[in-house]
Amino acid sequence: MHRIFASLSLIALLSAALPAAARADDPVAAQDMQVTLQQMIPLRDGVHLAAAIWKPAVMTKPLPVVMVLTPYIRQEGQTRAVKFTQAGYIYVTVDVRGRGDSEGVYKPLYGNGPDGADVVEWLAKQPWCDGRVVTHGGSYRGMVQWQIMAQHPKHLVAAIPTASVYPGYDFPVTHGIEYPYEAQWLAFTSGRTSNESVFGDSKYWQAKEEALYASGKPYADLAGTAGANKVAFLEWIDHHGYDAYWAAYNPKPADYAGIHIPILTITGYFDGDQPGALRYYHEFMQSASVDAQAHHYLLMGPWDHAGTRYPQKQLGGITFADNSALDIDQLQIDWLNWVLKDGKRPDAISDRVNYYAWGEGANEWRHAPSLEALTARTQKLYFSSADGAADDPYHAGRLVTAPQPDEQPDGFVSDPAKRRDHASLEAEAAIEDFLANAANVFGGNRVIYVGDPLPEAETLAGWPRVLASLSVDAPDVDLGAEIQALLPDGKTVVLGTDVLRARFRDREHEQLVKPDVIDSYAFDGFYYMVRRLPKGTRLRVVVMPVDDPGVERNYNSGGKLGYEKAADARVAHVSLHLDAAHPSYLELPLAPADK
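Residues numbered from 1 in each chain as written. Predicted model: local features only at pLDDT ≥ 70, side-chain atom pairs only at ≥ 80, totals over all residues. Heavy atoms only, no water.

A. Up close: the overall build of the chain. The helix and strand tally for the chain stands at 14 helices and 27 strands. Over its C-alpha trace the chain gives a radius of gyration of 25 Å, about what one expects of a compact globule, namely 25 Å for 595 residues. Projected onto its principal axes, the C-alpha positions of the chain cover 80 × 55 × 45 Å. For the chain, with 595 residues in total, the buried portion stands at 60%. Residue pairs in contact within the chain that sit at least 24 positions apart in sequence constitute 76% of those at least 6 positions apart. When the accessible surface of the chain is summed, it comes to about 22,500 Å², and 52% of that surface belongs to carbon and sulfur atoms. The positive charge centre, built from 53 side chains, and the negative charge centre, built from 74, are 3 Å apart in the chain. (Helix = DSSP H or I, 4+ residues; strand = E, 2+ residues; numbered from the N terminus. Rg over C-alpha atoms; globule rule 2.2 N^0.38 Å. Buried < 20%, exposed > 50% of the residue type's maximum accessible area, 1.4 Å probe, protein only. Contact = heavy atoms within 4.5 Å. Areas by Shrake-Rupley, 256 points an atom, 1.4 Å probe, with all protein chains shown as cover. Lys, Arg positive; Asp, Glu negative; His and termini not counted. Charge placed at Lys NZ, Arg CZ, Asp CG, Glu CD.)

B. Main features of the nonpolar core. Ranked by size, the top nonpolar core spans 120 residues in total, and within it W185, L299 and L336 carry the most contacts. Y449, A474, L495 and V541 belong to the second largest nonpolar core, which has 40 residues in total. (Core = buried A, V, L, I, M, F, W, Y, C linked by side-chain atoms within 4.5 Å.)

C. Local environment of the packing of helix α3 (residues 112–124) against helix α4 (residues 140–149). Following both chains from N to C, one finds α3 and α4 inclined at 80 degrees, their axes separated by 8 Å at the closest point. Between α3 and α4, the angle falls in the class roughly perpendicular. Only Y140, M143, V144, Q147 and I148 of α4 make contact with α3, whose side of the interface consists of N112, G113, G116, A117 and V120. Split by residue class, the contact of α3 with α4 holds six nonpolar, four polar and no charged. (Axes fitted to C-alpha atoms, helices over the stretch in contact; angles between N-to-C directions. Parallel < 35°, antiparallel > 145°, perpendicular 65-115°, else oblique. Nonpolar A, V, L, I, M, F, W, Y, C, P; charged D, E, K, R; others polar.)

D. Looking closely at the pattern of salt bridges. For the coordinates displayed, the defined rule picks out 25 salt bridges. Note that R80 and D329 form a salt bridge whose closest N and O atoms lie 2.8 Å from each other. With R80 in helix α2 (residues 78–86) and D329 in helix α13 (residues 328–341), this pair connects stretches of sequence that are 249 residues apart. Per residue, the accessibility class of R80 equals that of D329, and both read buried. Between R505 and D519 there is a salt bridge whose closest N-O contact spans 2.9 Å. Of this pair, R505 sits in the loop between β22 (492–501) and β23 (519–523) while D519 sits in strand β23; the two residues are 14 residues apart in sequence, bridging distant segments of the chain. Connected via shared salt-bridge partners are D45, R97 and D115. (Salt bridge = Lys/Arg side-chain N within 4 Å of Asp/Glu carboxyl O.)

E. A look at unusual backbone geometry. That bond from F171 to P172 is cis: its omega, 0 degrees, falls within 30 degrees of zero. Secondary-structure assignment places P172 in the loop between β6 (156–162) and β7 (173–174). The phi dihedral of N556 falls on the positive side, at around 65 degrees, and the residue is not glycine. Within the secondary structure, N556 sits in the loop between β25 (538–545) and β26 (572–577). Residue N556 is classed as buried on the basis of its relative accessible area of 1%.

F. Up close: the environment of L123. Its place among the elements puts L123 in helix α3. Through-space distance from the C-alpha of L123 to that of I41 is 8.7 Å; in sequence the pair is 82 residues apart. Apart from the residues lying within four places of it in its own chain, the contact partners of L123 are V65, M67, V92, W128, C129 and V133.

G. The confidence of the model for the chain, seen in detail. Summary statistics for the chain give a mean pLDDT of 90 and a share of 90% for residues scoring 70 or more. Residue range residues 1–28 is modelled with pLDDT below 50. Its contacts to residues more than four positions away, or to other chains, number 97 contacts. Note on residues 427–443: pLDDT is under 50 here. Beyond four places in sequence and across chains, it has 57 contacts. (pLDDT = per-residue confidence, 0-100.)

H. Focus on the packing of aromatic side chains. This structure, assessed with the given rule, holds 36 aromatic pairs. An angle of 70 degrees between the planes, with centres 6.2 Å apart, marks the rings of F171 and Y181 as edge-to-face. Separated by 10 residues along the polypeptide, F171 in the loop between β6 and β7 and Y181 in helix α5 (residues 181–188) bring together distant segments of the chain. Accessibility assignment for this pair places F171 and Y181 in one class, buried. With 6.2 Å between their ring centres and 70 degrees between their planes, F270 and W358 make a pair best called edge-to-face. Of this pair, F270 sits in strand β9 (residues 263–270) while W358 sits in strand β13 (residues 353–359), and the two are 88 residues apart along the sequence. Through a chain of ring-to-ring contacts, the aromatic side chains of Y72, Y110, Y140, F171, Y181, W185, F188, F199, W236, Y245, W246 and Y249 assemble into a single cluster. (Phe/Tyr/Trp six-rings, centres within 6.5 Å; stacked < 30°, edge-to-face > 60°.)

I. Spatial organisation of the packing of α2 against α13. One way to put it is that α2 packs onto α13 with a least axis distance of 11 Å and a crossing angle of 35 degrees. Handedness of the crossing formed by α2 with α13: right-handed. Between α2 and α13, the contacting residues are R80, K83 and F84 on the first element and D329, Q332, I333 and L336 on the second. Looking at the contact of α2 with α13 residue by residue, the classes come out as three nonpolar, one polar and three charged. (Left-handed = near helix turned anticlockwise from the far one by under 90°.)

J. Seen up close, the environment of A163. Along the chain, A163 falls in the loop between β6 and β7. Among all residues touching A163, those that are not within four sequence positions of it are S139, I266, D271, D273, H305, T308 and R309.

K. Just helix α11 (residues 274–287), in detail. Its 14 residues give α11 an end-to-end C-alpha distance of 20 Å, which sits within 8% of 20 Å, the value for a rise of 1.5 Å per residue. In terms of residue burial, α11 counts as a mostly covered element, since 11 of its 14 residues are buried. As for α11, its buried residues are in contact with α4, α10 (253–257), β9, α12 (290–293), β10 (296–304) and β13. (Expected span 1.5 Å × (residues − 1).)

L. Up close: α4. When you tally the buried positions in α4, you get 10 out of 10 residues, the bulk of the element. Where α4 is concerned, the buried positions are Y140, R141, G142, M143, V144, Q145, W146, Q147, I148 and M149.

M. Representation of the pairing of strand β18 (residues 447–450) within the structure. Going residue by residue along β18, you find V447 and Y449 tucked away on one face and I448 and V450 tucked away on the opposite face as well. Pairing of strand β16 (residues 397–400) with β18 involves two bridges; the strand directions are parallel. When the bridges of β18 are listed, R398 appears paired with V450. Pairing geometry for β18 and β25, over four bridges, is antiparallel. Each residue of the ladder has a partner; that of V447, found in β25, is V543. (Pairing = 2+ DSSP bridges.)

Printed below as a string of structure tokens:
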């Protein structure tokens, strides 16, 4: 799945079930299994789902089943099936309802829980299964696992949700803003077959995004590119806030309270679905029993969306240490051997929270009893422009430790009628280069605040936030905030970027802006990070209007989202307030001093 600053991938392992000489990529070893390519599994409503089943060629007793429910066509499981069967598991991939050879009607993101629970129970009753079924898989397949767990199937004994999408929260909409990528993804899963070629044609999709951006036509016009899922696209854009429509896709507190199985949640610092993965984690830890909480394990590494399954040492211009790239497949097998077969506990999962600390003087795996234990304190740095306006990177405002009592507001303008030309968009295409100064993506006018050099190295551990006191003279506007680190060696590192739509400033309730009323806007969608910054680093915060074809365009009119057009455009003048009664500030989560 996607969010504007994300990616995808994962792989590797040796089998504990075979002699040391046998490897997962050994063609002879790979043949040592039997495959059933199409097994139809009945559901409670009479619909049948198509499954592929991989079993070890020689079985002396029934074995646990590892199951994936996928919209991406069940044959995708071949490579990983080799590894799991060699490790003594039966591996099963199942097409979701209405995809591949499965019967029924496909509804993207929705309703996988009852179907998955039925599949779990059918598998558990087969003579080759020992009655224990495990779910695993990433992205959509991670979301599916939470929907299945909410049904509490009797024979589900463990789950490994990875980079899990949270519908309505991190995809296809976040903080009130939708992304053209949703049309691309809907085309990928349109109909019954896998549409990989059109999905992977980045030039085609970039051209569609830029054409819509330049035309001034309504965002809804993009529905025609969504293939057979045009209906889903138009349905989604009727729900920009996290409302009852989206809540119906996701578990409720009572659902979490009834889950009593070991869970391994995996995400990454650059995973586009990190917000979703950690929301599931947080909601489970709030509602589950104390005993169930003790068996929920979290693993976070310096990975993007794909890297949660296929970690790479290089990402976005950064080269991480060798120890950052874990063998995720083998780790999952080792974890299952521990929780199901009395195997050795994996070193990488030596506590309930397992995370990679990186940066100068770090670059190591660490472990903690809870996510809260990683953050020792928070520090607020207030925006100030006492020395002059903060709209020039060479004469920026300052980040100070206390709000100034009588400062005048800074400001910028959002004019959706003005659109940048193709050349400027190309120049800014390095948005996913984490070493690039990506603030230009949000347009030329902005406000900038820079802090003093850090007197000592500090480790950021948690979710940063930017709280901005703003007044706007239009009914709506899209805003972005970016946190950067100016390193002593002269490089600029983008620590995080967040966007929000003013009318959804509380995410759930749509409320148009009252002209010139000062309100608090929380940029609270920055990704969780554990990043050590060297002594002498200066922090920089940029606040700006959103202006990019990769984002649904807001014409600031307050009209029906998705159907506004350039003719409706209104200029929005945004004032960012700095006085003690209406402070604006950066909130930093900091690790204990020795970390």
